[in-house]
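For reference, the chains in residue letters:
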Amino acid sequence: MSALTPFELDKVRQILKREPTQTELGIFEVMWSEHCSYKSSRIHLKKLPTRGPRVLVGPGENAGIIDIGDGVAIAFKIESHNHPSFIEPFQGAATGVGGILRDIFTMGARPIAVMDALRFGPLTEPRNQRILEGVVSGIAHYGNCFGVPTVGGECVFEPCYNGNPLVNVFALGVFKHDEIFYGRATGVGNPVIYVGAKTGRDGIHGASMASAEFTEESKQKRPNVQVGDPFMEKLLLEACLEAMKTGAIVGIQDMGAAGLTCSTCEMGSRAGTGIEIDLALVPQRETGMIPYEIMLSESQERMLLVAEKGREQEVFDVFHKWGLDAVTVGTVTDSGKLIVRNHGTVVAEIPNRELADEAPLYDRPHNTAPFRSAPMDAPEFSSSDLTNDLLKILASGDVCSKRWIYQQYDYTVRTNTLAGPGGDAAIVRIKDTDTSIAMSLDGSGRYCALSPREGAMLIVAECCRNLSTVGALPVAATNNLNFGNPERPEIMAQLVEAIEGMAEACRHFETPITGGNVSLYNETLGEAIWPTPVMGIVGLMKTAPPMTIPFKNEARTVMLLGGLGSCDATRFGGTQYAKAVLGKMWGLPPALDLDYEKRVQCAIREVVNGGFAESAHDLSDGGLAVALAECASQGIGAAVDLNTALRPELALFHEGPSRVLVSTTQPQEIERIARDFHVEALRIGVTMKGRLQIRNDSVTWIDCAVEQLRDVRENALENQLTVHAG
Amino acid sequence: MRFGVVVFPGSNCDHDAWYALSHNLGQQAEFIWHDSSSVGNVDAVILPGGFSYGDYLRCGAIAKFSPVMAAVKKFADEGGLVAGFCNGFQILCESGLLPGALLRNRDLKFVCRPVTLRVETTHTPFTSAATRGQLLRMPVAHGDGCYFADERTLDMLEKEDRVVVRYMDNPNGSLRDIAGICNERRNVMGMMPHPERAADSLMGSEDGRVILESMVRSLVTA
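An account of the accompanying structure is given in this report. (Residues numbered from 1 in each chain as written. Chains lettered and ligands numbered in written order. Predicted model: local features only at pLDDT ≥ 70, side-chain atom pairs only at ≥ 80, totals over all residues.)

### Concerning the overall build of chain A
Going by this rule: Runs of E in the DSSP output that reach at least two residues are strands. Runs of H or I that reach at least four are helices, and both are numbered from the N terminus. Two things to know: the radius of gyration comes from C-alpha atoms, and the globule rule equals 2.2 Å times the number of residues to the power 0.38. With C-beta atoms placed from the backbone, a residue is labelled by how many other C-beta atoms lie within 10 Å of its own: buried for 20 or more, exposed for 12 or fewer, partly exposed between the two.
The helix and strand inventory of chain A stands at 24 helices and 28 strands. On C-alpha atoms alone, chain A measures out to a radius of gyration of 26 Å, which is about the 27 Å that the 2.2 N^0.38 rule sets for 726 residues. When its C-alpha atoms are laid out on the principal axes, chain A stretches across 85 × 50 × 50 Å. When each of the 726 residues of chain A is scored for burial, the buried share is 64%.

### A word on the sheet that holds strand β21 (residues 532-542) of chain A
Residues and elements named next belong to chain A. The condition that has to hold: By this definition, two strands are paired if DSSP reports at least two bridges between them. For helices, the fitted line uses only the C-alpha atoms of the stretch in contact; every axis is such a line through C-alpha atoms, and the angle between N-to-C directions lies from 0 to 180 degrees.
Spatially, β14-β15-β16-β21-β17-β18 is the arrangement adopted by the 6 strands of the open sheet, whose pairing is mixed. Every other strand in the sheet has two partners, leaving β14 (417-419) and β18 (513-519) as the edge strands with one partner each. Ignoring strand direction, the axes of neighbouring strands in this sheet form an average angle of 25°. Two elements, strand β15 (residues 426-429) and strand β16 (residues 435-443), share 4 bridges in a ladder whose sense is antiparallel. Bridge assignment links I427 to a residue of β16, and that residue is A438.

### Description of the interface of chain B and chain A
Formally: By the convention adopted here, residues are in contact when the distance between their C-beta atoms, placed from the backbone, does not exceed 7 Å.
With 20 residues of chain B in contact, the opposing surface of chain A contributes 22 residues. The set of elements that each furnish at least two residues to the side of chain B that touches chain A consists of α1 (14-24), β6 (111-119) and β7 (135-142) of chain B. For the side of chain B that touches chain A, the element with the most residues is β6 of chain B, which contributes 3 residues.

### What about the packing of helix α7 (residues 126-146) of chain A against helix α9 (residues 230-245) of chain A?
All names here are of chain A. Stated precisely, the cut-off is as follows: A crossing counts as left-handed when the near helix is turned anticlockwise from the far one by less than a right angle, and as right-handed when that turn is clockwise.
Contact pair α7 / α9: the axes reach a minimum separation of 8 Å and the direction vectors enclose 35°. Relative to α9, α7 is oriented so that their crossing is right-handed. Between α7 and α9, the contacting residues are H141, Y142, C145 and F146 on the first element and P230, F231, E233 and K234 on the second.

### Points about helix α23 (residues 667-676) of chain A
It helps to recall that an α-helix has 3.6 residues per turn; residues three or four apart then point in one direction. All names here are of chain A. Under the convention used in this document: Working definition: the arc comes from the directions between the helix axis and the C-beta atoms, pointing outward to the latter.
Buried within α23 are the following residues: I670, I673 and A674. Relative to the axis of α23, the buried residues are bounded by an arc of 100° and lie together on one face. In this structure, α23 carries Q668, R675 and D676 as exposed residues pointing more than 90 degrees from its buried face. Those residues of α23 that are buried lie in contact with β22 (557-561), α20 (594-609), β25 (660-664) and β26 (681-689).

### Remarks on the pairing of strand β2 (residues 28-33) of chain B
Residue and element names in this part refer to chain B. We count it as follows: The definition of a right-handed crossover adopted here requires that, viewed with the strands pointing away, the path from the first strand over the helix to the second runs clockwise.
The sheet contact formed by strand β1 (residues 2-7) and β2 spans 6 bridges and is parallel. Note that in β2 the partner of G4 across the bridge is E30. A crossover connection joins β1 to the parallel β2 through α1; in handedness this β-α-β unit is right-handed.

### Section: the packing of helix α2 (residues 22-31) of chain A against helix α10 (residues 259-271) of chain A
Residues and elements named next belong to chain A. Selection rule: Convention used here: angles under 35 degrees read as roughly parallel, angles over 145 as roughly antiparallel, angles from 65 to 115 as roughly perpendicular, and any remaining angle as oblique. Classes in brief: Ala, Val, Leu, Ile, Met, Phe, Trp, Tyr, Cys and Pro nonpolar; Asp, Glu, Lys and Arg charged; the others, Gly included, polar.
Here α2 crosses α10 at 80°, and the two axes come no closer than 10 Å. Overall, the two elements α2 and α10 adopt an arrangement that is roughly perpendicular. Contacts from I27, V30 and M31 in α2 reach T261, C262 and C265 in α10. Its residues placed into classes, the contact of α2 with α10 shows 5 nonpolar, 1 polar and no charged.

### Thoughts on the nonpolar core
Residue and element names in this part refer to chain A. Quick reminder of the rule: The term nonpolar core refers to a set of buried Ala, Val, Leu, Ile, Met, Phe, Trp, Tyr and Cys residues connected through C-beta atoms within 7 Å.
Judged by nonpolar contacts, the single largest core of 318 residues is most densely connected at M31, A438, V460, L561 and L628. Examining the composition of this core, we find that 11 residues originate from one element, helix α18 (residues 489-508), more than from any other. In this view, L628 contacts A638, V640, L661, L692 and I694; residues no more than four positions away in its chain are not counted.

What follows is the structure, given as structure tokens:
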């Protein structure tokens, strides 16, 4: 049975003007899979802003590229490896890292940072613990050996990810403007060269698997998951970058999803040329592979490149130095066709452009309300012990320290990491310049389940606020759209609303989206995940010692830039309080005023870059009380008096955006800056040693030793893993 | 001073060591390719961290057969300074230039975090610029850093004042908290932590400089 619909099969016949061969059918199936063709999302992705003054390369290439000044550019992108990570967590996650790294260095950039957005089912299920441990060690295995620091990320636990964990990997690389390479097969007569690992049967149909729902049979698909070799990838990186320097390489593309098929037809399509290859020349590590298998294999650590005719040897020499295979497998032609031979016999002959770019596009029905199961009305609730509530939230999977995870990642290799995991944003310096890159990865399935549009906007705002809190100016973004089955209108409506919300917010914050990934069919046995768009946003700053979260000294003024914010019971239903304390979810996500948010971000950047704050931390999950507890992680707490009319649960734990906590010796300067930007700046307390006390009009709401707050938050994840192990 | 930084396939701290030596310390530093039969005209050799040859079989087990290691041995036999950090330490143990072995971490997991080390002896060219008991903060990043040797060897290392640095907060289960040791002749040193990652104030600590500066100082006075 073909993965193509009857309509799509007809289109194949029209293009070929005959029946497809088995190999051709396989090629069309993968290239026109959701994963490779974006056939359900493409018409909506066009709504995203993709241009900006710094954008050198937008969507469509292996990664987006932006200019950061001094003749230097960065390439970055996010990719999902959700389905493989469920079937085989370790290899699935490892090859997810490998794939996105190749996307970066195939463009000529050296990867200098990785971040991961992870979603799992609750750790009370032993199976979810195994998936978490497998995914984390897979990421560590690949990134650490390859030698790229994993500098940040996020990890969230919700029942909707029980049978469908999400593994989204972001990577960023750096290079000079004149070192950029494209995946284009230009120059008729130029040799097409295969480099890297040998081709095996692993990963066949990976792209199509990622384009279908999970069923009980999915577990049988383990052979579809690729096996990664980070050592091979490290050699491939060094060899590719060295070979690029010879000047003999015309175009290059990695073999990722859909392997040799995708790299050949895309390189040809982009250049408007044809490619002829003979599969007998492809290095193979298994015997008896048929053309179908060789074309569809997703064996890792392989690249396809086009060299200048006559200069092949220069390329071979570099790859042989690094102990890698490099062989000519074909030629660039002017036919516009992908012609695949096996020992000389033609087994596929397909027009490149039609194959790569003319996949059917679907405007799937979405004229319905986005699916949601949560009620709109708030339940009755009233806290009996606010300190205990705070401790509960700090110990919850989403809010607790992710130290257990990030200590397994090498986050300091390459000696660029100014701020690693655990901060509001990660920061890596660019050596030989004065510029550093701040980056933030964020998603919120919870907010998006309540309103995909508002949730997506909140995510963009949060990422940009994270960057601004360390003093960086947000400049560009990449997105990973994780959704359920787009053939269901109420799921398609989620996707459309999220894209539209994201587009509006990215326009507002001037962060064009330079590329990304769409992962649909995240459903298991008919249950869709929550709509989970993940954003990765990068910002620029001058290289300097980083602004960090913890209070540093006693007797400093604690200020809340942006003010206490407002919230009603309806807007409280997506908070960590609702989740961790009440075990409920309702209503709508926090309200966002884009203009106010942007002004708060401008103000905090000026505060931080002016040197007026000793610490800064933006408010997000868990609201003000959690942010204060996080600021108190190094022994200095605070005495805070709020003076608010809001009820205590809301005042302490609402997650209204546009707020940043700072400690300072210069409150007047911060008030001056706040006035300049027409935002609030409240003096809410004073730092002190040892305790966190939060009062309202002299009524004590929270009073706790900072050690207790820290211990609960620091050890929660490890405790959950040990308690339920075995 | 001229430092040679060995590059094995899979080395990934080679550039960091080179950068710390050349940019942070202002020394000359060059790379030595793994199939070189000589270390060339250098005053000291660094075996950097990473995953040499993928660390297949066992960390450092394949690297010891590389041509450059024969040259490094010869260089060390002639009294040349050789320092191995992280994977470099593993390679030195595998090659027999240092006693003992690095086993899987106690928690069976890769660990990356800053640790505090105590300088146990200044009677080495790698710590001569430090003071005895000085505390140094720098990162570890390894999966196999648990130092192991038999009791007799451990006693000997202590008796001969060859434990160079100890962990104050042992991250990997190393016996007797050993983070770094030197050979009998005191010209070969291996340590699991990364001084080259703590040579620049922007990285949060410059404490690693004292190791590299000691080497420079020893070479000047030699």
